[in-house]
Amino acid sequence: MSLDEIYQRLTEILREVFDDDTVTARPDLTADQVAGWDSFAHLRVIFTVEQAFGVSFAASEISGLKNVGELAQLIQAKKSGS
Amino acid sequence: MSSELYANLAWLPQPPPDFRARCRAVADDARADGRALAALANHALNENRLRQLADAVRALRARDGALAPLTPFTLGVVGNVTLEPLVPTLIGSAPRHGIALECVEGDFAQTVQEAMSPDSRINRARPDAVLLALDFRGLPLASGFYDGATARDVVAGAVAHVDALRAAFRANGGARVIVQTLAPPPESAFGSFDRIVPGTVRSLCAAFNAALVESVRDGEDVILDVATLAETVGLADWHSPRQWNVAKLPFDARFLPLYADHVCRVVGALRGKSRRCLILDLDNTLWGGVIGDDGLEGIVLGQGDWTGEAYLDVQRTALALRERGIVLAVSSKNDDAVARRPFAEHPDMLLREDHIAVFQANWNDKATNIAAIAEALSLGLDAMVFLDDNPVERGLVRQALPQVAVPELPADPALYARTLAAAGYFEAVTFSEEDRKRASFYQDNARRLALQGQIGDLDAYLASLQMRIVFRPFDATGRSRITQLVNKSNQFNLTTRRYDESEIARFEADPAALTLQVRLVDVYGDNGMISVIVCVPAGERTWEIDTWLMSCRVLGRRVEHMVLREIVEQARARGIERIVGRYLPTERNGMVRDHYAKLGFRLVSDVGGTTTWELDTADEPPAASMEVDRSGFELTTA
């Protein structure tokens, strides 16, 4: 799966979760830049990502993420089977 | 996977792709009321969508207050678990059950304080009920390898704790309490032996649940049976160690919509919103096959056949509902006498005519019939559930009568009964002698109602089906199916002429005959071959319609009009000026007695019921109501 495709789907997911059509997934996007992205919303993003991409994250993988870029890379790694 | 039925609320239709935009539109629309919220809620919504809907509920409430016709209900929510995701999923699910829900959230893990303190947030709000969301970790149920007497004390202590919370909320907040049974984790200390050892988590949860039920019975408080819900989807899926460790979620977040729906069923039941009547389709819902075409011997029911048993399960479910006071009715597209025969004569039928309060078998649309049933029973449309295997009928009723609950059904009839039960339309919080007897109050023995007028905009609904009718001449590929239909069709059959394959092949090869095999495709898929036409020369520039038959499954969709249009166009192209139709009456084809009259033919003769009709091809044919796909003909314009 290409990073472009991943960012496209992440954008859809963020818009669904935050009910906000102005949000766009980009590598340097962080939680504090999005209204309502608290720890509960974070879990919803993760769960929605897991369902949408058909992947599963370990707790340690989620807690280390600094920005959307790292999330996208994690997804790509999982989709390529590594 | 069977648990997907529950997790995905598969009895509810999928939401439209622009669901989020529709929620916003409702929030912004000054004329929107509770009905718009209910319409949005009546879909299979995941957590994100329930939140979007909850935002619309709040926006509408801020503007309008009451949210009529939904019934307002304030629910306090406390527990030892994360409450934040529960609240919006509850608020978004409630309109599905006729409720406009407001929630008051207690502080995290401050259950005792919220209960005992008269000016806690929850008690000050004086809610209608408090949901006590305690799981097995939130109760004094310390497991251990102690003896039976100690285990009984531990359980009694935990029940006493819950009793004290209930009493406190009642005294301080004026609220009744919704208490939860416990879902134990799938892990065990020994294995099967856990049930024998009284202090294991498994044994303690089972004993606690039993004791809790006794404590709550006969009181004002009610049970939310989380134990059974968790078992139904599977304890291993219900409990997610990761989600508990990361976020103190008592169960996997993907069950939030299911959990919220179950809470709202109980709240709805408390406000009398549970459904009261089940309206049943007949063909392919209560038995396999079409009674009008297959006859008593041909329908599939019971008799050790696994499909037949599936339909018996549906009947068993209906009968069991009737026994607890749910009224049964029938709405079927059939001749009345034909539809009643299995009830009276089929040895495997479990349902009999006197189980059915109102029996509507006719050729009118089901929305009109269902509205008549509701009125005859003096029940609101929001008390009705309509079970039908046909997605087109389901769509029509949902559109014309949005208050009627119409469950989606899977392709496999073996899952019909389970899907109906999973939908939980008939939740109760009480069960009285009167309930038990209710069905007999309606013992008017399968009343038949006369219909006045018509409900809903049928033409608009039909247009939304995006139907495409496909005409081909008889060909080798279609030959065996054509032969099958010609020999099987009894009801919508004007002349009931039976031909074998060689005779059909002869029509195929006859240049003077017009043959049509007709398929219908709609938004739900390909209905296959649904009509067969044969026209033969019958004098100068005249055709006679030798064969006109149609599947009853596509009645009411103006297929006959499109077929006539095609016949007329093809006739004109070949210089035919007159078309003759005949009706040869049989025991089974009474429904097409007026077929030619309805299509604008004029009556030429009537000999003992056998009628002959004529149409000039120069006359205006019926207007087109769907797309036409035609090929394989050699049309030469005259």
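Residues numbered from 1 in each chain as written. Chains lettered and ligands numbered in written order. Predicted model: local features only at pLDDT ≥ 70, side-chain atom pairs only at ≥ 80, totals over all residues.

**Re the overall build of chain B**
A tally of helices and strands in chain B yields 25 helices and 17 strands. Taken along its principal axes, the extent of the C-alpha atoms in chain B is 100 × 55 × 45 Å. Looking at chain B as a whole, 47% of its 638 residues are labelled buried. Taking all contacts inside chain B whose residues are at least 6 apart in sequence as the whole, residues at least 24 apart take part in 73%. (Helix = DSSP H or I, 4+ residues; strand = E, 2+ residues; numbered from the N terminus. Buried ≥ 20, exposed ≤ 12 C-beta atoms within 10 Å, placed from the backbone. Contact = placed C-beta atoms within 7 Å.)

**Remarks on the overall build of chain A**
Scanning chain A from terminus to terminus reveals four helices and zero strands. Starting at the N terminus and walking to the C terminus, you meet the elements of chain A as α-α-α-α. Relative to a compact globule of 82 residues, whose C-alpha radius of gyration would be 12 Å, chain A shows 12 Å and is just as compact. Looking at chain A as a whole, 22% of its 82 residues are labelled buried. A sequence separation of at least 24 residues applies to 60% of the contacts in chain A between residues at least 6 apart. (Rg over C-alpha atoms; globule rule 2.2 N^0.38 Å.)

**Topic: the packing of helix 8 (residues 148–173) of chain B against helix 9 (residues 201–216) of chain B**
Residue and element names in this part refer to chain B. Across the interface, helix 8 lies against helix 9 with an axial gap of 9 Å and an inter-helix angle of 45 degrees. Taken together, the axes of helix 8 and helix 9 are oblique relative to one another. For helix 8 against helix 9, the interelement crossing comes out right-handed. Each of Ala151, Val154, Val155, Ala158, Val159, Val162 and Asp163 in helix 8 lies in contact with helix 9, whose residues at this interface are Ser203, Leu204, Ala207, Phe208, Ala211, Leu212 and Ser215. (Axes fitted to C-alpha atoms, helices over the stretch in contact; angles between N-to-C directions. Parallel < 35°, antiparallel > 145°, perpendicular 65-115°, else oblique. Left-handed = near helix turned anticlockwise from the far one by under 90°.)

**Examining the sheet that holds strand 7 (residues 327–333) of chain B**
Note: strands within a sheet are paired through backbone hydrogen bonds, in either parallel or antiparallel orientation. Residue and element names in this part refer to chain B. Spatial ordering of the open sheet is given by 8-7-6-9, a layout of four strands whose pairing is parallel. Since the sheet does not close on itself, it has two edges, and those belong to strand 8 (358–362) and strand 9 (384–387), each with one partner. Geometrically, the sheet is characterised by an average inter-axis angle of 15 degrees between neighbouring strands, direction not taken into account. Direction of pairing for strand 6 (residues 277–280) relative to strand 9: parallel, over a ladder of four bridges. Paired with Leu278 across the bridge in strand 9 is Val385. (Pairing = 2+ DSSP bridges.)

**Notes on the packing of helix 17 (residues 366–376) of chain B against helix 18 (residues 391–400) of chain B**
All names here are of chain B. Between helix 17 and helix 18, whose axes approach to 9 Å, the crossing angle comes to 55 degrees. The angle between helix 17 and helix 18 falls in the class oblique. When you trace helix 17 past helix 18, the crossing you get is right-handed. Note on element contacts: helix 18 touches helix 17 through Glu393, Leu396, Val397 and Ala400, opposite Lys366, Ala367 and Ile370. Counted by class, the contact of helix 17 with helix 18 contains five nonpolar, no polar and two charged residues. (Nonpolar A, V, L, I, M, F, W, Y, C, P; charged D, E, K, R; others polar.)

**What to know about the domain arrangement of chain B**
All names here are of chain B. Split by domain assignment, chain B resolves into domain 1 (71–270), domain 2 (277–462) and domain 3 (465–630). Placing the centre of domain 2 and that of domain 3 at their C-alpha centroids yields a distance of 32 Å. Across the side of domain 2 that touches domain 3, the residue classes tally to five nonpolar, one polar and four charged. (Domains from an automatic or database assignment.)

**Thoughts on helix 16 (residues 336–345) of chain B**
Of the positions making up helix 16 of chain B, those classed as buried are Val338, Ala339, Arg340 and Pro342 of chain B. Its buried side turned inward, helix 16 of chain B meets helix 14 (291–298), strand 7 and strand 8 of chain B.

**Details of unusual backbone geometry**
Residues and elements named next belong to chain B. Look at the link from Ala68 to Pro69: it is a cis peptide, with omega at 0 degrees. Assignment of secondary structure puts Pro69 in the loop between helix 4 (47–64) and strand 1 (71–79). Phi is positive for Lys248, which is not a glycine, with a value near 55 degrees. With respect to the secondary-structure elements, Lys248 resides in the loop between helix 12 (241–247) and helix 13 (256–270). Positive phi values are uncommon outside glycine, yet Arg541 reaches one of about 45 degrees. Within the secondary structure, Arg541 sits in the loop between strand 12 (525–537) and strand 13 (542–550).

**Observations concerning the pairing of strand 3 (residues 129–133) of chain B**
Residues and elements named next belong to chain B. The element strand 3 is largely enclosed, with a buried count of five among its five residues. Residues Ala129, Leu131 and Ala133 line one face of strand 3 and the alternating positions Val130 and Leu132 line the opposite face, and both faces are buried. Both strand 1 and strand 3 contribute to a ladder of five bridges, which runs parallel. Residue pairing across strands places Leu75 opposite Ala129, the latter belonging to strand 3. Two strands pair when backbone bridges link them, and strand 3 and strand 4 (residues 176–180) are joined in this way by four bridges, in the parallel orientation. Bridging from a neighbouring strand, Leu132 pairs with Val179 of strand 4. Viewed along the sheet, the connection from strand 3 through helix 8 into strand 4 turns out right-handed. (Right-handed = clockwise from strand over helix to strand, strands pointing away.)

**Structural notes on the interface of chain B and chain A**
Of the residues lining the interface, 12 residues belong to chain B; the matching set on chain A comes to nine residues. Put simply, the parts of the chain that give the side of chain B that touches chain A at least two residues each are helix 4 and helix 12 of chain B. Counted by class, the side of chain B that touches chain A contains four nonpolar, three polar and five charged residues.

**Remarks on the sheet that holds strand 5 (residues 222–224) of chain B**
Residue and element names in this part refer to chain B. Across the sheet, which stays open at both edges, the five strands sit in the order 2-1-3-4-5 with parallel pairing between neighbours. Of all strands in the sheet, those bounded by a partner on one side alone are strand 2 (99–105) and strand 5. Within this sheet the neighbouring strands show an average axis-to-axis angle of 30 degrees, counted without direction. Strand direction decides the pairing type here: strand 1 and strand 2, joined by seven bridges, are parallel. Of the residues in strand 2, the one forming a bridge with Val77 is Glu105.

**Description of the environment of Glu84 of chain B**
Residues and elements named next belong to chain B. Looking at where Glu84 falls in the secondary structure, it is placed in the loop between strand 1 and helix 5 (86–93). Looking at Glu84, the number of C-beta atoms within 10 Å reads 18, which means it is partly exposed. Distance from Glu84 to Leu449, taken between C-alpha atoms, is 50 Å for residues 365 residues apart in sequence.

**Overview of helix 13 of chain B**
Residues and elements named next belong to chain B. The terminal C-alpha atoms of helix 13 lie 21 Å apart, and with 15 residues this matches the ideal 21 Å at 1.5 Å per residue to within 8%. The buried count for helix 13 comes to 14 of 15 residues, which makes it a mostly enclosed element. Following helix 13 by one or two positions, Gly272 adopts a phi angle in the positive range, close to 70 degrees. (Expected span 1.5 Å × (residues − 1).)

**Remarks on the nonpolar core**
Formed by 209 residues in total, the largest nonpolar core has its most connected members in Leu37 and Ile370 of chain B. Ignoring sequence-local partners within four residues, the contact set of Leu37 of chain B consists of Val26, Ala56, Val57, Leu60, Leu67, Leu70 and Pro95 of chain B. (Core = buried A, V, L, I, M, F, W, Y, C linked by C-beta atoms within 7 Å.)

**Observations regarding the pairing of strand 1 of chain B**
Judged by how many residues are buried, strand 1 of chain B sits mostly within the fold: seven of nine residues are covered. Read as a crossover between parallel neighbours, the route from strand 1 of chain B over helix 5 of chain B to strand 2 of chain B is right-handed.

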